[in-house]
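Notes for the structure review
Here is what each chain is made of, one letter per residue.
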Amino acid sequence: MKFSRQREMILNQVRSFPIHPTADQVYTALKAENPNLSLGTVYRNLNQLSEMGMLLKIRIADGSDRFDGRTDDHYHMVCDDCKQVYDVEFTELDELNNTITEKYGHQLTVVTLNLNGICCECRKKEQN
């Protein structure tokens, strides 16, 4: 697959984002300096990059998909109030594949876990 300038720009934007952006957020961040960029191009490239394993696509049940530049094993927490998505390190699940294989004979290829709750910033707002 050809790695175009637009695809590289979109990949770098997601990797540099402080949050897990939606396609719309990536498009908005890039549009000012790239007036010929279309929203369709951003969606298409984000999906292709996630299919290639260069980005993670985080499916949010009641919202827009988010994209993550981190492709290593980690989990996500979705804030019920602000809808931001946060990385969560949860080392207790590192042995899950071994446990499933030993107990049932299955081998996991992907583990997707989204936790829902209230982020620390929203909790602070609620307490004030």
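Residues numbered from 1 in each chain as written. Predicted model: local features only at pLDDT ≥ 70, side-chain atom pairs only at ≥ 80, totals over all residues. Heavy atoms only, no water.

**Structural notes on the packing of aromatic side chains**
A complete count under the given rule lists one aromatic pair for this structure. When the centroid spacing of 6.3 Å and the interplanar angle of 90° are considered together, the rings of tyrosine 75 and phenylalanine 90 count as edge-to-face. Within this pair, whereas tyrosine 75 is found in strand 3 (residues 75–79), its partner phenylalanine 90 is found in the loop between strand 4 (85–88) and helix 4 (96–104), the two being separated by 15 residues in sequence. Under the relative-accessibility criterion, tyrosine 75 is labelled buried at 8%. For phenylalanine 90, a relative accessible area of 34% corresponds to the partly exposed category. (Phe/Tyr/Trp six-rings, centres within 6.5 Å; stacked < 30°, edge-to-face > 60°. Helix = DSSP H or I, 4+ residues; strand = E, 2+ residues; numbered from the N terminus. Buried < 20%, exposed > 50% of the residue type's maximum accessible area, 1.4 Å probe, protein only.)

**Observations concerning the packing of helix 2 (residues 23–31) against helix 3 (residues 39–51)**
Packing of helix 2 against helix 3 leaves a shortest axis separation of 9 Å and a crossing angle of 125°. Relative to helix 3, the element helix 2 is oriented oblique. Considering how the two elements wind past one another, helix 2 and helix 3 form a crossing that is right-handed. Note on element contacts: helix 3 touches helix 2 through Leu39, Val42, Tyr43 and Leu46, opposite Ala23, Asp24, Val26 and Tyr27. Of the residues belonging to the contact of helix 2 with helix 3, the class tally is seven nonpolar, no polar and one charged. (Axes fitted to C-alpha atoms, helices over the stretch in contact; angles between N-to-C directions. Parallel < 35°, antiparallel > 145°, perpendicular 65-115°, else oblique. Left-handed = near helix turned anticlockwise from the far one by under 90°. Contact = heavy atoms within 4.5 Å. Nonpolar A, V, L, I, M, F, W, Y, C, P; charged D, E, K, R; others polar.)

**Examining unusual backbone geometry**
Despite not being glycine, lysine 83 shows a phi value in the positive range, around 70°. Here lysine 83 shows up in the loop between strand 3 and strand 4. Here lysine 83 falls in the partly exposed class, since its relative accessible area comes to 37%.

**Overview of the environment of aspartate 62**
Topologically, aspartate 62 is positioned in the loop between strand 1 (56–58) and strand 2 (66–68). Sequence spacing of aspartate 62 and leucine 93 is 31 residues, and the spatial spacing of their C-alpha atoms is 25 Å.

**Quick word on the side chain of histidine 76**
Structurally, histidine 76 can be placed in strand 3. For histidine 76, the side chain forms a polar contact with the side chain of aspartate 87, separated by 3.4 Å. Sequence-distant contacts of histidine 76, that is, excluding residues within four places in its chain, are made with His20, Leu56, Ile58, Asp68, Val85, Tyr86, Asp87, Val88, Leu113, Asn114 and Leu115. (Polar contact = N/O pair within 3.5 Å; in protein donor to acceptor, adjacent residues only side chain to side chain.)

**A word on the packing of helix 1 (residues 5–16) against helix 2**
Axis separation between helix 1 and helix 2 bottoms out at 10 Å; the angle between their running directions is 110°. Regarding the angle of helix 1 to helix 2, the classification is roughly perpendicular. Handedness of the helix 1/helix 2 crossing: right-handed. Residues Met9, Ile10, Gln13 and Val14 of helix 1 touch helix 2, and the partners they reach there are Val26, Ala29 and Leu30. In the contact of helix 1 with helix 2, the residues fall into six nonpolar, one polar and no charged.

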